[in-house]
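Spelled out from the first residue to the last, the chains are:
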Amino acid sequence: MTRPALIGDIGGTNARFALVTPGAFDLHDIRTLPCAHYPSLSDAIRAYLKEVGAEMPTEACLAFACPVHDDEVRMTNNAWRFSKRQVAEEFGFTLFKVINDFTAQALGVPHVADDELVALGDGEAAPGCTRLIFGPGTGLGMAGLFPGQHDWIPLPTEGGHISFAPTDQHERDLLAYFQARYGRVSVERILCGQGLLDLYRAHAQLAKQVARYNTPAEVTGAARAGDPLARNALERFLKILGDVSGDAALMLGARGGVYLCGGILPRLLDWLPHSHFRDAFADKGRMHAYTAHIPVWVVTAPWNGLLGACEALHNEEVT
Ligand SMILES: Nc1ncnc2c1ncn2[C@@H]1O[C@H](COP(=O)(O)OP(=O)(O)OP(=O)(O)O)[C@@H](O)[C@H]1O
């Protein structure tokens, strides 16, 4: 009997693992391990296999939140680094695929059920057109997905690292705050968990008030409880999310729709519809009609990245 393959979706904070019958999508023994609890990828894989009592898999496909084209892979938002060749040798994998985490998110999207998509505003997907996959979590991932002759083809990008472009005086003040801390300011500096916290701290400094909250979850909790600074920070976060995802949709020509993934937005479903997200997404000058017609969904499927990694395991288009 074929041994189950090891599947993984590994972000800056969480490593999600599962086993699957090669060629199928029957994810089982799904576990989420905090990356910070393990010194290396190999330690986390061993801990996972021990916990679920699995035989050593011979095939694996793991998705990582960082560039993956070289043999040496270094995570952008945690300390893990490894050689693909050495990991394959260490575990005896006959097939070891390493892909970008947003390639996995993109490949997962066609497998998501309709009731795991929450529409934000109107729009209609143009058939056969490119889709944009966009998602803030520990970092900010972006990928394209376009139709090939037989399968969807993912386009991995490092779009989270494009430059932040303020659209009003308040955002120019925010940019100055972020520049003082980081030098160059990419959109990921703002559109991720740490970015939300930094936005809150920036709002506190600009209002000459003391920042009281120390985690992104505390900021969203305080915004819900009516704290004005936290509320302003969260609303600005969602407005900038609209600006940047609209820019990315223009860049890719994503008339097939925008899919918002990652760990943060499913927690903000009560805020997104009333925020300036959709206005900012469409506010593209002469291209307003183009962006206004693009549908946007939040993907609430918890294991979208794992499904995409299953798809990539034997997909020859995905290297
Ligand atoms: N309630 C909340 N409100 C806002 N942010 C939150 C909340 N809870 C957790 N976060 C933030 O979400 C981020 C984790 O997102 P996610 O679950 O997508 O992790 P990840 O897959 O490891 O990240 P990535 O793939 O982007 O590296 C962390 O920055 C965390 O602080």
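Residues numbered from 1 in each chain as written. Predicted model: local features only at pLDDT ≥ 70, side-chain atom pairs only at ≥ 80, totals over all residues. Heavy atoms only, no water.

Under UniProt, the name given to the protein chain is Glucokinase, and the source organism is Chromohalobacter salexigens. According to the UniProt record, the Subcellular location comment for the protein chain is "Cytoplasm". The annotation that UniProt attaches to the protein chain under Sequence similarities is "Belongs to the bacterial glucokinase family." (UniProt positions renumbered as here; feature names shortened; annotations may be inferred.)

Draft legend 1. Here's a closer look at the overall build of the protein chain. Check the secondary structure of the protein chain and you find 10 helices and 13 strands. In summary, the protein chain has a C-alpha radius of gyration of 20 Å against a globular reference of 20 Å for 319 residues, a match within 12%. Principal-axis analysis of the C-alpha atoms gives the protein chain an extent of 60 × 45 × 35 Å. Counting only residues that meet the buried cut, the protein chain has 53% of its 319 residues in that class. Restricting the contact set of the protein chain to residue pairs at least 6 apart, pairs at least 24 apart contribute 67%. Of the charged side chains in the protein chain, 27 are positive and 36 negative, and the gap between their average positions amounts to 7 Å. (Helix = DSSP H or I, 4+ residues; strand = E, 2+ residues; numbered from the N terminus. Rg over C-alpha atoms; globule rule 2.2 N^0.38 Å. Buried < 20%, exposed > 50% of the residue type's maximum accessible area, 1.4 Å probe, protein only. Contact = heavy atoms within 4.5 Å. Lys, Arg positive; Asp, Glu negative; His and termini not counted. Charge placed at Lys NZ, Arg CZ, Asp CG, Glu CD.)

Draft legend 2. Expanded view of the site of the ligand. Taken together, 18 residues sit near the ligand, with Gly-12, Thr-13, Arg-16, Thr-138 and Gly-263 positioned nearest. Asp-101 is positioned such that a nitrogen or oxygen atom in its side chain is 3.5 Å from an oxygen atom of the ligand. Interatomic distance of 2.8 Å between a side-chain N/O atom of Thr-138 and an oxygen atom of the ligand. Within the complex, the protein chains bury 83% of what would otherwise be the 660 Å² of accessible surface of the ligand. Looking at the shell around the ligand, the elements that each hand over two or more residues are strand S2 (14–20) and helix H6 (216–224). Looking at the shell around the ligand, the element that brings in the most residues is H6, giving 3 residues. The residue inventory of the shell around the ligand, partitioned by class, reads 4 nonpolar, 11 polar and 3 charged. (Near = heavy atom within 4 Å. Polar contact = N/O pair within 3.5 Å; in protein donor to acceptor, adjacent residues only side chain to side chain. Areas by Shrake-Rupley, 256 points an atom, 1.4 Å probe, with all protein chains shown as cover. Nonpolar A, V, L, I, M, F, W, Y, C, P; charged D, E, K, R; others polar.)

Draft legend 3. Main features of the nonpolar core. By size, the foremost hydrophobic cluster in this structure holds 48 residues, and its most contacted members are Phe-134, Leu-191 and Leu-260. It is helix H7 (residues 228–252) that provides the largest number of residues to this core, a total of 11 residues. Among all residues touching Leu-191, those that are not within four sequence positions of it are Phe-134, Pro-136, Gly-139, Leu-140, Phe-237, Ile-240, Leu-241 and Val-244. With 30 residues, the next largest nonpolar core counts Ile-7, Ala-106, Leu-313 and Val-318 among its residues. (Core = buried A, V, L, I, M, F, W, Y, C linked by side-chain atoms within 4.5 Å.)

Draft legend 4. Inspection of the sheet that holds strand S12 (residues 258–260) at higher detail. Across the sheet, which stays open at both edges, the 6 strands sit in the order S8-S13-S12-S9-S10-S11 with mixed pairing between neighbours. At either end of the open sheet lies a strand with only one pairing partner, and these are strand S8 (117–119) and strand S11 (152–156). This sheet shows a mean twist of 25 degrees between the axes of neighbouring strands, independent of strand direction. Where strand S10 (residues 140–147) and S11 come together, 5 bridges link them in antiparallel fashion. Directly across from Ala-143, in S11, lies its bridge partner Pro-156. (Pairing = 2+ DSSP bridges. Axes fitted to C-alpha atoms, helices over the stretch in contact; angles between N-to-C directions.)

Draft legend 5. Highlighting H7. Counted at 1.5 Å a residue, the expected span for H7 with its 25 residues is 36 Å, and the 36 Å between its end C-alpha atoms agrees. One side-chain oxygen at the N-terminal end of H7 lies 3.1 Å from the backbone nitrogen of Leu-229; it belongs to Asp-227. Backbone geometry just downstream of H7 places Gly-253 in the positive-phi region, at approximately 65 degrees. (Expected span 1.5 Å × (residues − 1).)

Draft legend 6. Quick look at the pairing of strand S4 (residues 59–64). Within S4, 6 of the 6 residues are buried, which leaves it mostly tucked inside the rest of the structure. Of the pairings in the sheet, the one linking strand S1 (residues 5–10) to S4 comprises 5 bridges and is parallel in character. Within S4, the position partnered with Gly-8 by the bridge is Leu-62.

Draft legend 7. Representation of helix H2 (residues 84–91) in the model. Among the residues of H2, those classed as buried are Lys-84, Val-87, Ala-88 and Phe-91. One side of H2 holds all its buried residues, which, seen down the axis, span an arc of 100 degrees. Of the surrounding secondary structure, the elements contacted by the buried residues of H2 are helix H1 (41–52), strand S5 (72–74), strand S6 (81–83) and strand S7 (95–100). Of the residues trailing H2, Gly-92 is marked for its positive phi of about 70 degrees. (Arc of directions from axis to C-beta.)

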